[in-house]
Structure formats: structure tokens, C-alpha cells
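# Fold and contact review
Given next are the chains, with one letter for each unit.
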Amino acid sequence: MQPMLASFEQPARHWTQGLDRRFALLWALLWALLWALISRLAFAGRCDNTGATRERIQPVPMAKILPLADAVEEVVRDGDKVAFEGFTHLIPYAAGHEAIRQQRKDLTLVRMTPDLLYDQLIGVGAALKMIFSWGGNPGVGSLHRFRDAYEQGWPRPLEIEEHSHAAMANAYEAGAAGLPFAVFRGYRGAELASVNPSIKSVTCPYTGEQLATVPAMKLDSAVVHAQRADREGNVMLEGIVGVQKEAVLAAKRALVTVEEIVDDLGLRSYNACVLPHWTITAVAYVPGGAHPSYAQGHYKRDNAFYEAWDPIARERDTFTAWVKENILEKGPEAFARFART
Amino acid sequence: MAAPSTWTPTEMMTIVAARALKSSDVCFVGIGAPSAACNLARLTHAPGITLIYESGTIATKPNLLPLSIGDGELCETALTTVSVPEMFRYWLQGGRITVGFLGGAQIDRFANLNTTVVGPYNRPKVRLPGGGGAPEIATSCQEVFITMAQSKRSFVAKLDFITSLGHGEGKCSRERLGIATKGPTRLITDLSVLEPDAETREMTVVSIHPGVTRERIADATGWPVKFAAKVADTPPPTVEELTVLRDLHARTRAAIEGKA
């Protein structure tokens, strides 16, 4: 019978076969030890984490004080989710104009109160999307370039994500705090909640109250203007401070343009709004850089310009000519003449 | 002084809106007509009023009307200025505001407001600036005053979009949403004053401005407007009210034109 025969025909085991098996075991053990050693060295202190935590934001050794063009080059990149923040006050116009000169594209522009600067960025086609809560020319009327892009797709279609001020302010704060979302009492009876899918709700675990939620605002880059920086790149802003501190702390990279660079930030309230240099990527000295917005203590809001903008932005031709003359053919030094009150 | 004989409908509206405010009010001020009314109140019968603008300025006393809600004048004359997240979280959401003052592009009979779009949301005929602070002002302030010029274009039967809640669909709409604040208690226009009916909450004419007829009010309203059982005659502007208001506008104009 064939099977019986087969057992007899099995050749004698060579002594090296057993040795191989023993070596294999040894080898495996050795490799395991080696791997343990390597992983211990490579991932020292790392623990498995069941919850999501915020990405680590590396402190910048010292904010680099750079010319505006270099600062914008480094901080604001194509495709960024970027906030040029400023709540009427301290709007970083010069930095926005530099981004236009450098032909930044595919930006997601974030701002509570997009005004003329975003009208300009949208009008030149730098933006794919705008996230906002009030988009107008305050006290004057519409943002015509924004409307043309959104309603007619010129010079390119613009996507929007719309919120209320309370939602945006809370979202920035959650972004700065490293939380995944913001919770607040809002949007009750308001239709935005039914057209913006990112607005959701949560039930309070203590009281059972339904509260609105929005995702935390997490930015690639934040650009703000401030009154002064010292030589280390610590920045101080005062007056209507808006959501600038939150925007900077919610961003991976931050650029601050300033009215002046001083040896020492000087006499200030113990609770002054100061951004330490290690929260900022780059500081650029651009006096007048907030015009036609203003810098408290330096120059006033140019309300006449906000009114003059209406006819300029109304037509594509007048807008394009204005951009050519006032942005493309000029540099940041053109803002200096506004620095005098 | 002789009683002034002429005034514009807008002046009448601003003056009536100002009269609605008390010295003890803590008022969240929207820009435009509300800002003029609130500052007129402060400069006339309500010197103690606390004016708050959403830019963060608390108890501000501007000498002229700001063009935006964040003009330097507001910060310089304020008791204190807080950050925007603090403004919305502690002061508005925290329930510290007695009166929220709003305006809008469209309003319906229940004083719901639209400042978002004319036409459908995704393909609007006109894209308006949006809600800003209004959605939460409308529900967090103890009560809301609205001031808007009255016309068929803006007083509509159905809003294109509900930016901020008034009395919803009437009756207990707010209560059903868990809202404890009163909502719009007064709508002041250039022709009349409307207040919510105690039961239906439909905005109903309670006072008619001098020289205005019921027909004119009906013609300027996009729904069959109701009149209260007892309708008052709005007292005409006083010399003081008109003078202070005109001075305020003159100072503002001069400042914008760079003469101040």
C-alpha cells in the first residue's frame, strides 16, 4: 500500500535540520530584542492615545523680523486656509496687497467681517472660498467684487461658508484652545443652521439644554496688524482687538505687520494684549499698513476711502485699473504716507 | 422756541426709536439707523444709557456717529473695550443686554428679519452682507427693537431667508424653541410704530406718525397690516430732538469729509 511505503522511505534527518530550527528561534528572539530597542529609542515616551489631540504646534524660536515680501512668502502659501483678521480696526491691508502682488491662489479666506481687503483678494481671483459672518462695506453697502464672484462667477466662482458672529468668535476661540469644536447658545430659529451643514448641536450633559456647535477654526496661516513689536518680535496690540489673538493662536503660521519696532514694548497695562515672539512666524515693519482701516494711537479710519471704494468696485474695469495702479505697481512703502495722523 | 415745522420721515423714525430707550438700558447697537437712535437717546433723555457695539466697546459715548461698528471713536470714548469672543460670550450670551437694536433688508409680520439674500440662498438675486451678530442678538437680548423704513419691498409677506428670529410663526414660536427672551417688542418705521399682538404676536400698528394716513401705512406693507383697537398719534419731534440729531449728523459728515 502506497502510504505505508512512504513512511518507510522517509530519509534519515540530517543533524543540521534541528540546528536550523534552533537558530531560527534564536534569530527571531534577537530581532525582537533589536526592534524593541530601536522602537524605544525612536518613539521614546510615546503612548497609545485613544482620543484625538491637537496637532503639536512647534514654538518658533524667535519671530523673524523680515521685509514684508519675504514674510508673506514664508507665511501665506497657495491653497492656505488663511485669515487676514481685524474687526474694523488693524486690518492688515499691506500684507493682503503683498499676497496679491505675489499672486497667491486657491486661498480659503476666513474672516468675521470681510471688507474691502477681501473684496480686493476675491476680485483678483485669489480665493476659492470665503468663510465669514458679515460681508459688506460697513455703513456704505455691498462688496461688489464679492457679489460679482459669488453671483456671476467673475473672475472665478467663489464658494462660501456662512456663520453668525457668535459662531465665528467661538470657533476661533476653540481653535486657539485646541478643542475640536465650539459650543454656544445660538442659531435658534435662524435659517443659517439649515443651509450650513457644519452647524450642528449637542445636548448639555448637565442640564439637557440643546446648544449649537461649530467646528473649531484651524488655520494654516493668520495675518494681523499691530501697533508695535520689540526687537525679539514680541507684539502688542491695543484698542479694538477683535479676534486677532485667537486667530494667531489657531494658526500654524502667523505674520504680524506693525506700525513700529521698538527696543522695549514700553509702559503698558499688566493685562495688555501681547503675543509672545514664539507664537509668531514673522514680523514685518509696515507703517501705515492698516490703511484705510486704522491703528489706534497712530491714524484714524479713512471713512472717506470706504465710501470712495463703492464706485471703484462697482465695475470690473475700474476695479482692475485700481488694483494695477495701487497694488501691482506699488510696494509696501506706499503705505508709509498714511502713518501720519 | 417755536415747534419745528418740517422734518424728514427718517428723522421722525430715529427720534421715535430714541424715545423707546431708557437711561437704565444696556443696549447692543447695530449700525445705521439704530446707532443714530441710540446716540440721540444718550444725548437727550437717556444720558445714563450703556451703549455696547459688537466690536467690543462697552459704555461708549461717541461724539459723532461711527460709519462702522468699530470706529476708533467708539473705543476712545468707551469705559472699556473687550475682545470680540468675550463680547459675544460673556456680555451677549451671558444675558447682560436689556435691548438689542436691529435693522434689516426684509421683515415679515412676525418681525423675523432677513439680511442675508434676496432670492434663493444658493442662487441669490442679491447677496446681502449676512447676519453678523443678529442671529444671537435676536435671542439673547431681553428684548429687541427694530427700526426700518416701511415699504412694500422691505415689509414682505414671506421672507426669502430668516436671518434672525422674531416671533417665528407667531403665538408661542419662541417658547417652543426654548427661548425665554421677549424678542421684538417694538418696530419703529418712518410711518408708524408696531408692537406684537398679545396673543398672535403679529406686529400691529399702535401709533401713527404726524401727517401719515392708515392707507399709506397699508400701501407700504406687504401683508394686510392690522391696527390695534386703540391707535395713538405719535408726538411730533421736539426742537431739542431735531437739533441734537441734526448736529450729530453734521459732526459726522464733517468728520468723514475731513473737516473735523
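Given the structure is predicted, the values throughout are model-derived calculations rather than measurements.

### Comments concerning a nonpolar patch on the surface
On the surface, Phe-23, Leu-26, Trp-27, Leu-30, Trp-31, Leu-34, Trp-35 and Ile-38 of chain A cluster together into a nonpolar patch covering about 940 Å² of accessible area. Following the sequence through the fold, Phe-23 of chain A ends up in helix α2 (residues 15-42).

### Comments concerning the packing of aromatic side chains
Applying the stated criterion across every chain, the model contains 13 aromatic pairs over all chains. Between Phe-305 of chain A and Trp-322 of chain A, the aromatic rings sit 6.0 Å apart at their centres with planes inclined by 50 degrees, giving tilted as the arrangement. Placement of the pair is Phe-305 of chain A in helix α10 (residues 303-314) and Trp-322 of chain A in helix α11 (residues 316-328), with a sequence separation of 17 residues. Overall, the relative accessible area of 13% leaves Trp-322 of chain A in the buried class. Ring geometry for Phe-155 of chain B versus Trp-223 of chain B: centroids 6.0 Å apart, planes at 20 degrees, classification stacked. With Phe-155 of chain B in the loop between β10 (143-147) and α6 (173-176) and Trp-223 of chain B in the loop between α7 (214-219) and β14 (227-233), this pair connects stretches of sequence that are 68 residues apart. As far as burial versus exposure is concerned, Phe-155 of chain B and Trp-223 of chain B are alike and both buried.

### What to know about the layout of surface pockets
In this structure, the second largest pocket encloses a volume near 640 Å³. At the level of elements, α10 of chain A together with α3 (72-76) and α8 (239-256) of chain B are the ones that each hand at least two residues to the lining of the second largest pocket. Its residues assigned to classes, the lining of the second largest pocket comprises twelve nonpolar, ten polar and eight charged.

### With respect to the nonpolar core
Residues and elements named next belong to chain A. In this structure, Phe-84, Tyr-172 and Val-235 are the most contacted members of the largest nonpolar core, which totals 164 residues. A total of seven residues in this core trace back to one element, the largest contributor, which is helix α7 (residues 165-177). Excluding residues that lie within four positions of it along the chain, Tyr-172 makes contacts with Ala-83, Glu-85, Val-110, Arg-111, Met-112, Met-217, Leu-219, Val-243, Glu-246, Ala-247 and Ala-250.

### Details of empty space enclosed by the protein
Here the structure, examined in full by the defined rule, presents two cavities of 30 Å³ or more. One number sums up the size of the largest cavity: a volume of about 50 Å³. Forming the boundary of the largest cavity are Ala-166, Asn-170, Phe-184 and Arg-185 of chain A together with Phe-88, Arg-89, Leu-92, Gln-93, Glu-136 and Ser-140 of chain B. Class assignment of the residues belonging to the lining of the largest cavity gives a composition of four nonpolar, three polar and three charged. For the second largest cavity, the calculated volume is near 40 Å³. In terms of lining residues, the second largest cavity is bounded by Thr-88, Arg-111, Thr-113, Pro-114, Asp-115, Trp-134, Gly-136, Pro-138 and Arg-301 of chain A. Tallied by class, the residues present in the lining of the second largest cavity amount to three nonpolar, three polar and three charged.

### Things to note about unusual backbone geometry
Residues and elements named next belong to chain A. For the peptide bond that leads from Trp-154 to Pro-155, omega is 0 degrees, which places it in the cis range. Inspection of the secondary structure assignment puts Pro-155 in the loop between α6 (144-152) and β5 (159-162). Looking along the chain, the bond that leaves His-291 and enters Pro-292 is cis, with omega of 10 degrees. If you trace the backbone, Pro-292 turns up in the loop between β13 (282-285) and α10. Positive phi, close to 70 degrees, is recorded for Thr-88, a residue that is not glycine.

### Description of helix α5 (residues 116-123) of chain A
All names here are of chain A. Counted residue by residue, α5 has eight buried out of eight residues, so it is predominantly covered. Looking at α5, one finds that the buried residues are Leu-116, Leu-117, Tyr-118, Asp-119, Gln-120, Leu-121, Ile-122 and Gly-123. Downstream of α5 by a residue or two, Gly-125 has a phi angle that is positive, lying close to 85 degrees.

### Topic: the packing of α5 of chain A against α6 of chain A
Residues and elements named next belong to chain A. Interhelical geometry of α5 versus α6 gives an angle of 40 degrees and a closest axis separation of 7 Å. On the basis of the axis angle, α5 is oblique to α6. The interaxial crossing formed by α5 with α6 has left-handed handedness. The residues of α6 that touch α5, namely those facing Asp-119, Ile-122 and Gly-123, are His-144, Arg-145, Phe-146 and Ala-149. Residue composition of the contact of α5 with α6, grouped by class: three nonpolar, two polar and two charged.

### So, the interface of chain B and chain A
In this assembly, 42 residues from chain B lie in contact with 48 residues from chain A. The junction of chain B with chain A conceals about 3,800 Å² of combined surface from both sides, 56% of it contributed by carbon and sulfur atoms. Looking at the side of chain B facing chain A, the largest losses of area belong to Leu-67, Arg-127 and Pro-129 of chain B, adding up to 18% of the total buried there. Where chain B touches chain A, the interface holds four salt bridges. Of the charged contacts in the structure, one is a salt bridge between Arg-301 of chain A and Asp-71 of chain B, with a shortest N-O distance of 3.9 Å. The tally of links between chain B and chain A comes to 21 residue pairs in polar contact (both at pLDDT 80 or more).

What counts, and at which threshold
Residues numbered from 1 in each chain as written. Chains lettered and ligands numbered in written order. Predicted model: local features only at pLDDT ≥ 70, side-chain atom pairs only at ≥ 80, totals over all residues. Heavy atoms only, no water. Patch = residues over 30% accessible without salt bridge, like charges linked within 9 Å, V, L, I, M, F, W, Y side chains within 5 Å. Areas by Shrake-Rupley, 256 points an atom, 1.4 Å probe, with all protein chains shown as cover. Salt bridge = Lys/Arg side-chain N within 4 Å of Asp/Glu carboxyl O. Helix = DSSP H or I, 4+ residues; strand = E, 2+ residues; numbered from the N terminus. Phe/Tyr/Trp six-rings, centres within 6.5 Å; stacked < 30°, edge-to-face > 60°. Buried < 20%, exposed > 50% of the residue type's maximum accessible area, 1.4 Å probe, protein only. 1 Å grid on protein atoms, 1.4 Å probe; cavity = no way out; pocket = protein on both sides within 12 Å on 5 of 7 lines; lining within 4 Å. Points joined across faces, edges and corners; volume = space filled by probe spheres on them. Nonpolar A, V, L, I, M, F, W, Y, C, P; charged D, E, K, R; others polar. Core = buried A, V, L, I, M, F, W, Y, C linked by side-chain atoms within 4.5 Å. Contact = heavy atoms within 4.5 Å. Axes fitted to C-alpha atoms, helices over the stretch in contact; angles between N-to-C directions. Parallel < 35°, antiparallel > 145°, perpendicular 65-115°, else oblique. Left-handed = near helix turned anticlockwise from the far one by under 90°. Buried area = accessible area lost by both parts, 1.4 Å probe. Polar contact = N/O pair within 3.5 Å; in protein donor to acceptor, adjacent residues only side chain to side chain.

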